[in-house]
Amino acid sequence: MAPPQRPQRPPRSTNSAPQPRQAPAAKPGASTEPSDKPVAARVPVKKIFSAQSSDFFLLFGTTLFLVIFGLVMVLSSSSVESYAADQGFFGSFLRQTAFALIGIPLMLVASRAPVRFWKRWALPGLILGGVLQLLVFVPGIGWGYGGNQNWIQIGSFSAQPSEFVKVAVIVWVAWVLSTKQDQLGDWKQVLLPVGPVAGAAIGFVLIGNDLGTASIMLLIVFSCLFFAGVKLRFLAVGVVVVALGAIMFATTSGSRTSRIGVWLNGCTELDYQDTCWQIEHAYWALAGGGLFGRGLGNSVAKRGWLPHADSDYVFAIIGEELGLIGAVVVLLLFVTLAVAFVRIIRSTNDSFVRITTAGVMVWVVGQAFVNIAVVLGVLPVLGVPLPLISTGGSALIATLLAIGVVLSFARAGNKPGASTPRPAATSGKPKAADKGATTVQEAPVQSPADRSRMLAANRARGRR
């Protein structure tokens, strides 16, 4: 028997064009008209945070945790005062939550802006901040509290412009100093552009009798000058001038003089009902917390004994309710913020990025330690809030905006091509252009730590 033959494949025609694929037949009763339903657009949310550096996530995560922790402490420390003011137990908490819901998206939007955006808007932002600060002296718009004329109110909207002036001054000073990196050895190049503008911004705050905010702004300006590489002898002269001016300004007010006297000489029985009331009750709140605290919401000092328990003295409530452990955790969170800022400073070669990040770091971390030092009695009473934790909408939104600027630097530094390029790997001997040509060796790649040490050494040599 013959084996079965394999069937032959029909020959393919070379002239026939490929037939289009037939669409599947419609089901009976189905409409053949085009659908009017809107097509859902899928937003790739993961791209917002994808491929970001660890510095970005360290700074963003710590900031977000501090904001949430601050909302919890605002609810705990302000519930009694809010109820007494006919706002319900959640009055201050809901208001602070609304500010956080504005500030966090604003921080994320700012983190997407390129570096050139902040350079371009440095001067317009400073002008806008100055105009807002001048509004505090306009009758019917500006209003004061506790002897400080530092707020504006239009209808039911109120704000503290000096908080946004801090952001504008940091970005503008960083932009000016970054354009004069080769001229910082001349005191005129440092004093003439920075001195009048920063002095005017701080002077307007001092006219409103807000010594605490003015002190933080002075600290910010000096930190920007230091990280820009200005010689130390210039900074020393500036510190002496500012110290003399602060002494003269402090003696012009009896309240400030009594605060400094109490800080230097201690409290007496006559001062207890006046200047020492806040100081003593803050001590008792911290002492009453012990190691583990009374428990969240169980503070005694917030029940009318400690004024401004949810703003300037919120750290005393933290120590009373969460104990020494909770207070140390807050300190470590701000230290973590400082580490994130320093890592961003060390990872860049852009002087504008370095100076701006340093200014924001000294503002947030420095103001936090000033507030804590005031509560502990290490510094006289200055009236500055604890950043990201104390109640206050303008302070929270402005601080989140400043951190968003730094997050944009961390994101830009992680883009492809933004870092220092590495030399391509070559095999064999290097090629020469022609006979007798000298082989050019490529420069070794520097790590961020090497660049930071090199910049620090250059600044040290320039200050001698």
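Position labels on residues start from 1 in each chain and follow its written sequence. This being a predicted model, a pLDDT of at least 70 is required before a residue's local features are given, and a value of 80 or more before pairs of side-chain atoms are given or counted; all residues contribute to the totals for chains, interfaces and linings. To obtain the side-chain values, all non-hydrogen atoms of the structure were included, while hydrogens and water were left out.

*Asks:* Can you walk me through the overall build of the chain in this structure?
*Replies:* Check the secondary structure of the chain and you find 15 helices and three strands. In the chain, of all internal contacts separated by at least 6 residues, the share reaching a separation of at least 24 is 70%. Looking at the chain as shown, the accessible area adds up to about 26500 Å², and 64% of this sits on carbon and sulfur atoms. To qualify as a helix, a DSSP run of H or I must reach at least 4 residues; to qualify as a strand, a run of E must reach at least 2; elements of each kind are numbered from the N terminus. Two residues qualify as a contact provided that any one of their heavy atoms is within 4.5 Å of a heavy atom in the partner residue. Accessible surface area values rest on a Shrake-Rupley calculation with a 1.4 Å probe, where residue burial reflects the displayed protein chains alone.

*Asks:* Explain the packing of aromatic side chains here, please?
*Replies:* When we look at a pair of aromatic rings, we describe it by the centre distance and by the angle of the planes. The criterion for an aromatic pair is that two Phe, Tyr or Trp rings (for Trp, the six-membered ring) have centres within 6.5 Å, with stacked assigned to planes under 30 degrees apart, edge-to-face to planes over 60 apart and tilted to the rest. The final tally for this structure, using the stated rule, is nine aromatic pairs. Aromatic side chains Phe56 and Phe60 sit 6.3 Å apart centroid to centroid with 20° between the ring planes, which places their arrangement in the stacked category. Taken together, the residues span about one helical turn, with Phe56 and Phe60 both in helix α2 (residues 54-84) at a distance of four residues. Taken as a pair, Phe56 and Phe60 share a single burial class, namely buried. Taking the centre distance of 5.7 Å and the plane angle of 35° together, the rings of Trp143 and Trp151 count as tilted. Under the relative-accessibility criterion, Trp143 is labelled partly exposed at 29%. Burial status follows relative accessibility: with a 1.4 Å probe on protein chains alone, a residue under 20% of its type maximum counts as buried, one over 50% as exposed, and anything between as partly exposed.

*Asks:* Teacher, can you tell me more about the sheet that holds strand β3 (residues 157-159) here?
*Replies:* Each strand in a sheet pairs with another by means of backbone hydrogen bonds, the pair being arranged parallel or else antiparallel. Strands pair, by our definition, only if DSSP identifies at least two bridges between them. Spatially, the three strands line up as an open sheet ordered β1-β2-β3, and their pairing is antiparallel. Edge positions in the sheet fall to β1 (142-145) and β3, since each of these pairs with one other strand and no more. Looking at each pair of strands side by side, their axes are set apart by 40° on average, direction ignored. Relative to strand β2 (residues 148-154), β1 runs antiparallel, the two being bridged by three bridges. Its bridge partner being in β2, Trp143 is matched across the sheet by Trp151. Geometry is summarised by axes, namely lines fitted to C-alpha atoms with helices restricted to the contacting stretch, and by angles between N-to-C directions that run from 0 to 180 degrees.

*Asks:* When you look at helix α3 (residues 91-110) in this model, what are you seeing that I'm missing?
*Replies:* Helical periodicity: at 3.6 residues per turn, an α-helix aligns residues three or four positions apart in one direction. An expected span of 1.5 Å times one less than the residue number is assigned to each helix. Compared with an ideal rise of 1.5 Å per residue, which puts 20 residues at 28 Å, α3 spans 29 Å between its outermost C-alpha atoms and is within 8% of the ideal. Taken together, the buried positions of α3 are occupied by Gly91, Ser92, Phe93, Gln96, Thr97, Ala100, Gly103, Ile104, Met107 and Ala110. Those residues of α3 hidden inside the fold are in contact with α2, α4 (115-120) and α14 (393-412).

*Asks:* Honestly, the state of the cysteines in this entry has me stumped. Any pointers?
*Replies:* Should the sulfur atoms of two cysteines be covalently bonded, the bond is a disulfide. Disulfide: a pair of cysteine sulfur atoms within 2.5 Å of each other. This model, assessed by the stated rule, comprises one disulfide. The disulfide partner of Cys267 is Cys276, and the gap between their sulfur atoms is 2.0 Å. The chirality of the disulfide connecting Cys267 with Cys276 is left-handed, given an S-S dihedral of about -100°. Its relative accessible area of 31% is what places Cys267 among the partly exposed residues. Overall, Cys276 belongs to the buried group, its relative accessible area being 0%.

*Asks:* Please explain the nonpolar core as it appears in this structure.
*Replies:* It is characteristic of soluble globular proteins that their nonpolar side chains tend to be buried jointly. By size, the foremost hydrophobic cluster in this structure holds 103 residues, and its most contacted members are Leu59, Phe334, Leu337, Phe341 and Ile389. Aside from chain neighbours lying at most four places away, what touches Ile389 is Leu66, Phe69, Gly70, Val74, Val314, Ile318, Val330 and Phe334. To define a nonpolar core, start from buried Ala, Val, Leu, Ile, Met, Phe, Trp, Tyr and Cys residues and group those joined through side-chain atoms within 4.5 Å.

*Asks:* Which parts of the structure should I look at to understand the environment of Ser162?
*Replies:* Note on placement: Ser162 falls in helix α6 (residues 161-178). Linking Ser162 and Ala201, residues 39 residues apart in sequence, is a C-alpha distance of 8.6 Å. When residues no more than four places from it in sequence are discounted, the contact partners of Ser162 are Gln133, Asn150, Val205 and Thr213.

*Asks:* Looking at this structure, how should I read the environment of Leu66?
*Replies:* Mapped onto the elements, Leu66 comes out in helix α2. Using a relative accessible area of 0% as the deciding quantity, one classes Leu66 as buried. Spatially, the C-alpha atoms of Leu66 and Ile389 are 6.5 Å apart, while their sequence positions differ by 323 residues.

*Asks:* Would you mind going over the side chain of Arg411 with me for this structure?
*Replies:* Here Arg411 lies in helix α14. Within the structure, the side chain of Arg411 is placed 2.8 Å from the backbone oxygen of Arg112, a separation counted as a polar contact. Discounting residues that sit within four places of it in the chain, Arg411 has contacts with Gln52, Phe56, Ser111, Arg112, Ala113 and Pro114. Polar contacts, as used here, are pairs of N or O atoms within 3.5 Å; protein pairs need one atom able to donate a hydrogen and one able to accept it. Residues neighboring in sequence count only if both atoms are side-chain atoms.

*Asks:* Is there a simple way to explain unusual backbone geometry in this structure?
*Replies:* Peptide bonds are trans in most cases, and residues, glycine excluded, mostly fall at negative phi. In the Ramachandran plot, Asp86 falls in the positive-phi region, its phi being about 60° despite a non-glycine side chain. With respect to the helices, strands and loops of the structure, Asp86 is situated in the loop between α2 and α3. Under the relative-accessibility criterion, Asp86 is labelled exposed at 73%. In the Ramachandran plot, His308 falls in the positive-phi region, its phi being about 55° despite a non-glycine side chain. Taking relative accessible area as the criterion, His308 reaches 31% and is therefore assigned partly exposed.

*Asks:* How should I be thinking about the packing of α6 against α14 in this particular structure?
*Replies:* Each packed pair of helices is defined by two parameters, the angle between the axes and the distance between the axes. The geometry of α6 relative to α14 is characterised by a closest axis approach of 8 Å and an angle of 15° between their N-to-C directions. Considering the angle they form, α6 stands roughly parallel to α14. The two elements α6 and α14 meet at a crossing, and its hand is right-handed. Seen from α6, the contacting residues are Glu163, Phe164 and Val167; seen from α14, they are Ser394, Ala395, Ile397, Ala398, Leu401 and Ala402. In what follows, roughly perpendicular refers to angles from 65 to 115 degrees, roughly parallel to angles under 35, roughly antiparallel to angles over 145, and oblique to any angle outside these ranges. Working rule for handedness: look at the near helix, and if it is turned counterclockwise from the far one by less than a right angle, call the crossing left-handed; if clockwise, right-handed.

*Asks:* Before we go on, may I ask you to explain the pattern of salt bridges in this structure?
*Replies:* It is possible for side chains bearing opposite charge to pair when their charged atoms get close. Each salt bridge in this description consists of a side-chain nitrogen of Lys or Arg and a carboxyl oxygen of Asp or Glu lying within 4 Å of one another. A complete count under the given rule lists five salt bridges for this structure. Between Arg343 and Asp55 there is a salt bridge, with the nearest N and O atoms lying 2.8 Å from each other. Remark: Asp55 occurs in helix α2 and Arg343 occurs in helix α12 (residues 314-346); sequence separation between them is 288 residues. Overall, the relative accessible area of 10% leaves Asp55 in the buried class. Between Glu163 and Lys166 there is a salt bridge, with its nearest N and O atoms 3.3 Å apart. Of this pair, Glu163 and Lys166 are both found in helix α6, three residues apart, which corresponds to roughly one turn of the helix. For the pair shown, Glu163 and Lys166 are each scored as buried.

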